[in-house]
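Residue-level structural notes
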Amino acid sequence: MELNQPISWVETTEKGHGRCETRKIELYLNKAAIPKGWTGIERLVKVTRSGLRKGKPFNFISLYILSKPIDEAQVVAQGVRLHWGIENLLHWIKDVNLKEDDMTIKETKPATAVACLNTLALNLIRLAGYKPIKDSFALFSNKVNELLRLFVLKRNDFRT
């Protein structure tokens, strides 16, 4: 994709979890020929992630579209980080604790139903004040009546 000059850009560096990562976020006005049916795209975003993970170099480019006319790359950078934080919190728990990646159901509708039920159970456990960790899932595993009780809790019954 050929882009014009960015209207704003920001670069951040983060160290931790066995890696050093630099992120460059470039924000562009949308001057691209957009496919028919795609309307309201105001900005294009290019995120370049590079650095070292476990001593090995990496370089990834991700592209995003925005429907809001945001003009500050720092604002977009925060939004991207928040999005991935939410994705990582939800999907990591569902993959590691609920073993969704190991699911043997191959048909779309049953697999989707199980994923929705897992998300419902996870949200109920969180709403009831439990931390979504292995022990919390074990507390409710194969105990349908205990999990069902979370459906009838009143707001003041939740842990704080």
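In this report, we go over the structure that sits alongside the text. Keep in mind the model is a prediction, meaning the values are calculated, not measured.

Counting secondary structure elements, the chain contains four helices and four strands. Going residue by residue from the N terminus, the α and β elements of the chain occur as β-β-β-β-α-α-α-α. Residue burial in the chain is summarised as follows: out of 160 residues, 25% are buried. Sequence-distant contacts in the chain: of pairs separated by 6 or more residues, those separated by 24 or more amount to 45%. Here the chain has roughly 11,800 Å² of accessible surface; of this, 56% comes from carbon and sulfur atoms.

Take the side chain of E26 next. On the secondary structure map, E26 appears in strand 2 (residues 19-29). Residues in contact with E26, not counting those within four places in the same chain, are P6, S8, W9, L44, V45, K46 and T48.

Judged by nonpolar contacts, V10, I25, L27, V45, V47, L66, A73, V76, A77 and V80 together constitute the single largest core of 10 residues. Of all the secondary structure elements, the ones that give two or more residues to this core are strand 2, strand 3 (43-53) and helix 1 (73-96). Take this core: its biggest share by element is four residues, from helix 1. Discounting chain neighbours no more than four positions away, the residues touching V47 are K24, I25, F60, I61, S62 and Y64. In terms of nonpolar packing, the next biggest core, distinct from the first, is built from nine residues, I93, Y130, F137 and L150 among them.

A full pass over the atoms with the stated rule returns one aromatic pair. Over the aromatic face of W9 sits the side chain of K24, whose NZ or CZ is 5.0 Å from the ring centroid. Above the ring of F58, the side-chain terminus of R53 is found at 4.1 Å from the ring centroid.

A few words on the sheet that holds strand 4 (residues 56-66). Read across the open sheet, the four strands follow the order 1-2-3-4; overall the sheet is antiparallel. The two strands at the open ends of the sheet, each matched to only one other strand, are strand 1 (8-16) and strand 4. Averaged over all pairs of adjacent strands, the angle between strand axes in this sheet comes to 15°, irrespective of strand direction. With 11 bridges connecting them, strand 2 and strand 3 associate as antiparallel partners. Counterpart to C20 in the pairing with strand 3 is L52.

So, on to the pattern of salt bridges. As enumerated under the stated definition, the model contains seven salt bridges in all. For R81, the salt bridge goes to E14, with nearest N and O atoms at 3.2 Å. Here the residue R81 occupies a position in helix 1, and E14 occupies one in strand 1, the gap between them amounting to 67 residues. With a closest N to O distance of 2.6 Å, R43 and D71 form a salt bridge. Pair noted here: R43 is in strand 3 and D71 is in the loop between strand 4 and helix 1, with a separation of 28 residues, a long-range link. Beyond isolated ion pairs, a larger network of salt bridges with shared partners links E14, E21, R23, R53 and R81.

So, on to the environment of A32. In this structure, A32 sits in the loop between strand 2 and strand 3. Linking A32 and N4, residues 28 residues apart in sequence, is a C-alpha distance of 9.5 Å.

Analysis parameters
Residue positions are given per chain, counting from 1 as you read along its sequence in written order. Note on the predicted model: pLDDT of at least 70 is required for a residue's local features to be given, and 80 or more for side-chain atom pairs to be given and counted; whole-chain, interface and lining totals, by contrast, use all residues. Hydrogen atoms and water are omitted, and side-chain values are computed over all heavy atoms in the structure. Counting from the N terminus, the helices are DSSP H or I runs at least four residues long and the strands are E runs at least two residues long. Only protein chains enter the area calculation, which uses a 1.4 Å probe; residues under 20% of their type maximum are buried, those over 50% are exposed, and those in between are partly exposed. What makes two residues a contact is simply this: any of their non-hydrogen atoms within 4.5 Å. Each accessible area is a Shrake-Rupley estimate made with a 1.4 Å probe; only the visible protein chains count as cover when residues are assessed. Remark: nonpolar core denotes a set of buried residues (Ala, Val, Leu, Ile, Met, Phe, Trp, Tyr, Cys) joined through side-chain atoms within 4.5 Å. For this analysis, a ring pair means two rings from Phe, Tyr or Trp (six-membered ring only for Trp) whose centres lie within 6.5 Å, classed as stacked if their planes differ by under 30 degrees, edge-to-face if by over 60, and tilted for the remaining angles. Counting as a charge over the ring demands two things of the Lys NZ or Arg CZ atom: a distance within 6 Å of the ring centre and an angle within 35 degrees of the ring normal. Whether two strands pair comes down to DSSP finding at least two bridges between them. Here an axis means a line fitted to C-alpha atoms, over the contact stretch when the element is a helix, while the angle between two N-to-C directions is reported on a 0 to 180 degree scale. For salt bridges, the criterion is a side-chain nitrogen of Lys or Arg within 4 Å of an Asp or Glu carboxyl oxygen.

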